[in-house]
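Secondary and tertiary structure notes
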Amino acid sequence: MCVGCLSRMRPRYKRLVDNIFPSVPQDGLVKNNMEKLTFYALSSPEKLDRIGEYLFQKASRDISRKRNEFVMIAMEAMDQLLVACHAQTLNLFVESYLRIVQKLLESSEPSLQILATQSFVRFSNIEEDTPSYHRRYDFFVSKFSSMCHNNNPNLVTMEMIRMAGIKGIQGVIRKTVSDDLVENIWEPVHMDKIVPSLLFNMHTMKSKTELVVESGISEEVNDKTDSFSLAESCLRELIGRASFGHVKSVIRPVLKHLDAHHMWVPNVFATQCFRILMFSIQSQYSYAVVETLMTHLDENSNASPKIRTSIADVLSKIIAIAANESVGPTVLEIINSLLTNLRTSVTRRPPSNIGLSESDGENEYREALIHALGEFAAHLPDYQKIEIMMFIMSKVPQFKSSNNPNDLHVQRMCLKSLLMVSTKYSSVQMNATFPQSFLDLLLKTLTASEDEIRFIVLRILHTLLDRHNNVSKLSKATVDISKSDINLEKCSRSDTIFIRKHAQDIYVSIYESLEMTNNTVDNVEAVYTTLALICIELLSEETVLDFIRLILSIQELAITNAVLSTQQKFHLHALVISIMLLVAVVTDLHPLKDYVEKIIEQRKLLSATHLLPEISIHNEVKSASLLPAGVLIEEPELTEALKASGIDITSEAGPVLTHRRSWVENTNMSMKGSFTDLSNLDLDSVNSTPAMQRRFSPNEDLSFEAMKRSLLDNPVIKVEQNTRQTQLCDMFRNTSFQDLVAISTASKDEETLHTKITDVFNKVDISNKLSNVETNNQPIPIYETLFPELFAF
């Protein structure tokens, strides 16, 4: 039988496939015959699987015979059939196609590997009509990942193969992520190959990575002509397609790669990787990256301080990106984790052979954590910043004194964290800035025994009180200040209510902090700044008197306190005169300003300049008890100056300026249950009640000092009271019920109800309404005149 007859007996699909191959491979694919084959495949889709199998057989023979040109023609035909055919039977054809691609990838020829990769990338962009239930891509993941690590001696060939491997990985991702029925690409067995391969190629272009980090560029690099850019693009696409449950599947291989190759120190590449992840991930999942990194930080709690510092630094550079998407419990979880790491670092017992550099590294680690916390808070809304500050304040150990250095260090670090958050907050209304619980804890910490802790609390108050950027102008006490030097705004009604409500607690805490013997110049200067900000932001004519009482009390403290050093007393005198002048300037009290300036001139003339600012330059030691006359603020002159300024000092109950802590007892706000309330009651109402007698007169002194003096002068009274109380208790324990009733109802002067009513009505004076009618020269009881029917016999 002739060859022509044999060829005609072959199946048509084989003849059509054979016809697409030219006699000379350099001529390429026969296009006319390829069109016939495509038409036949579309007309008879059930033949696609056979066409694919036959093409696979021909390509396999050509590969084994090293006829690469015919292999390329077969792959081109496969690609055209894939694009043209979208039938349900395409899955069977794809199996043959993937077998050819695998065969090419297994070849040692770089050209065939690149050809297979290019074909696979085109295949990955095809959307199939029907899903595949049995297709697996584990070989392709492994092969493409290995190509990413190619070390061919020829640098051009190595770069081409690596780029082909990256493109292949990108194709696998596109083909598998969108199809839930295929193999799960997010499994660790695959991610542990894909992610390190991408990171390896990104790190090979280290110089370009550093350039991107230094320039702050976070957008995708447009130039994809090198393996670095292509790997970065693939990583962005991978994390961008990840759902919430798959985010950690990508992040964990990144962390493993950085740990295994010691890339945390320095952390330039680590920072670049996580910035890519944060900018590429779906925004609602960005906080999951932060949580995973913080968990990794916890797992490395025993690592060297440099590694932990680098991780914390990376965290501080990406945490702000997640802040905008973090809401509710997530915010507090992140803050709590940062505080926990900070506390762990503080309480960690250092080894006995720890060096200075190791200790410095631990401090850098803590500062990195605090910086991360501040960066996170800076991008949150103000109401969440308040919640964070309250949360941090609740974590601060509250104790007046402690001998444990770790306790003090924990308190110090927590307050530094609070200070960092407070610098990111912009106060509007003080009642919103200082919730009651937050203010109470803050003021309680202000009286701590450690001077550095008090200084940090004062700095926190500065950041929260300063709404007009005056803190830098008020950092040093001075007597050379004018109204034009500061930014002023009229105190609002809500702020006035706030200071009237909380002035007592704030002033007492400031006063007690000044009583501490370990106060440094920085502490006194910080108190000056705090008082100055209160004066500028919160004072008005309604609240200025209480503030002046505080100033006078500080002056009295400087005069009478026996434990403060001479230098500390001079500091307080300088503080008093500076604040008093600022009060006069801010509130436009010109007579008061003239009086204060007169005292300043007296201090200069009488060689008492040590009572004036600058506080920090007073190094000479003088006697604090021998002060020239006229250099202190005197109460009579101050009272006259206030009256001349229009301040109504008569509206205040009790002494105006005499008591050392009079701001506590004479606030404008009436305290519930105080003696001030009792003094306003009508004491005569006691006598109007039957069987009750007033035991004191309105003129009696009911002050605390009078009651204390009474008890001290008459110690017998307390003994007699205790004796009567004991006898009464014994009587009620031992006496029968009938006897107790008899004792209770017995009366030496028993009076009837008629007599009691008579006494009550006789005290009612209605002489202007009715005239007394006399019968037998005796006045008729008024009740008989008004209610005769009730008392008729």
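Everything that follows concerns the structure shown earlier in this document.
Here's a quick rundown of the structure. Treat the numbers as computed from the prediction; the structure is a model and nothing was measured.

1. Quick word on the pattern of salt bridges
Following the criterion strictly, the structure yields 18 salt bridges and no others. A salt bridge links D382 to K385; the shortest N-O distance between them is 3.5 Å. Here K385 and D382 lie together in helix α19 (residues 382-395), a separation of three residues that amounts to about one turn. Judged by relative accessible area, D382 falls into the partly exposed class, the value being 31%. Residue classification places K385 among the buried positions, given a relative accessible area of 5%. If you follow the salt bridges from partner to partner, you end up with R174, E237 and R241 in one network.

2. Brief notes about empty space enclosed by the protein
Taken as a whole and assessed by the stated rule, the structure comprises two cavities of 30 Å³ or more. In this structure, the largest cavity spans a volume of roughly 90 Å³. If you trace the largest cavity, you find 13 residues lining it, with L439, L461, L465, I506 and I534 closest to the centre. Mapped onto the lining of the largest cavity, the elements with two or more residues apiece are α22 (436-446), α23 (451-465), α24 (493-514) and α25 (521-538). By residue number, the principal contributor to the lining of the largest cavity is α24, which donates four residues. A per-class count over the lining of the largest cavity returns twelve nonpolar, one polar and no charged. Empty space within the second largest cavity amounts to approximately 50 Å³. As for the second largest cavity, its lining consists of L514, M516, N519, T520, V524, L564, Q568, H571 and L572. Here the lining of the second largest cavity gets three residues from one element, more than from any other, and that element is helix α27 (residues 566-586).

3. Focus on the packing of helix α13 (residues 247-260) against helix α15 (residues 286-299)
The contact between α13 and α15 brings their axes to 10 Å, and the two run at 40 degrees. In terms of their interaxial angle, α13 and α15 are classed as oblique. In the packing of α13 onto α15, the handedness of the crossing is right-handed. For the pair formed by α13 and α15, the contact residues are V247, K248, I251, L255 and D259 on the first element and A288, V289, T292, L293 and H296 on the second. Classifying every residue of the contact of α13 with α15 gives six nonpolar, two polar and two charged.

4. Describing the nonpolar core
If you look at the biggest cluster of nonpolar residues, it comprises 213 residues, and the most contacted ones within it are F274, F434, F547, L575 and L592. F570, A608, L611 and L632 belong to the second largest nonpolar core, which has five residues in total.

5. A look at α19
Given a rise of 1.5 Å per residue, 14 residues ought to cover 20 Å, and the 20 Å separating the end C-alpha atoms of α19 matches this to within 8%. Among the residues of α19, those classed as buried are Q384, K385, I386, I388, M389, F391, I392 and M393.

6. Observations regarding the packing of aromatic side chains
Counted by the stated rule, this structure contains 16 aromatic pairs. Both rings, one in F21 and one in F70, keep their centres 6.3 Å apart while their planes meet at 45 degrees; by these two values the pair is tilted. Highlighted residues: F21 in the loop between α2 (12-19) and α3 (31-43) and F70 in helix α5 (residues 68-84), separated in sequence by 49 residues. Across the pair, F70 and F21 agree in class, each one buried. Centroid distance F434 to F438: 6.4 Å. Interplanar angle 20 degrees. Geometry classified as stacked. As far as burial versus exposure is concerned, F434 and F438 are alike and both buried. Among the aromatic side chains, those forming a connected cluster through ring pairs are Y97, F120, F123, Y137, F139, F140 and F144. The residue whose ring lies beneath R99 is F56, and the NZ or CZ to ring-centre distance is 4.0 Å. The positively charged end of R308 is found above the aromatic ring belonging to Y365, 4.7 Å away from the centroid.

What counts, and where the lines are drawn
Residues numbered from 1 in each chain as written. Predicted model: local features only at pLDDT ≥ 70, side-chain atom pairs only at ≥ 80, totals over all residues. Heavy atoms only, no water. Salt bridge = Lys/Arg side-chain N within 4 Å of Asp/Glu carboxyl O. Helix = DSSP H or I, 4+ residues; strand = E, 2+ residues; numbered from the N terminus. Buried < 20%, exposed > 50% of the residue type's maximum accessible area, 1.4 Å probe, protein only. 1 Å grid on protein atoms, 1.4 Å probe; cavity = no way out; pocket = protein on both sides within 12 Å on 5 of 7 lines; lining within 4 Å. Points joined across faces, edges and corners; volume = space filled by probe spheres on them. Nonpolar A, V, L, I, M, F, W, Y, C, P; charged D, E, K, R; others polar. Axes fitted to C-alpha atoms, helices over the stretch in contact; angles between N-to-C directions. Parallel < 35°, antiparallel > 145°, perpendicular 65-115°, else oblique. Left-handed = near helix turned anticlockwise from the far one by under 90°. Contact = heavy atoms within 4.5 Å. Core = buried A, V, L, I, M, F, W, Y, C linked by side-chain atoms within 4.5 Å. Expected span 1.5 Å × (residues − 1). Phe/Tyr/Trp six-rings, centres within 6.5 Å; stacked < 30°, edge-to-face > 60°. Lys NZ or Arg CZ within 6 Å of the ring centre and 35° of its normal.

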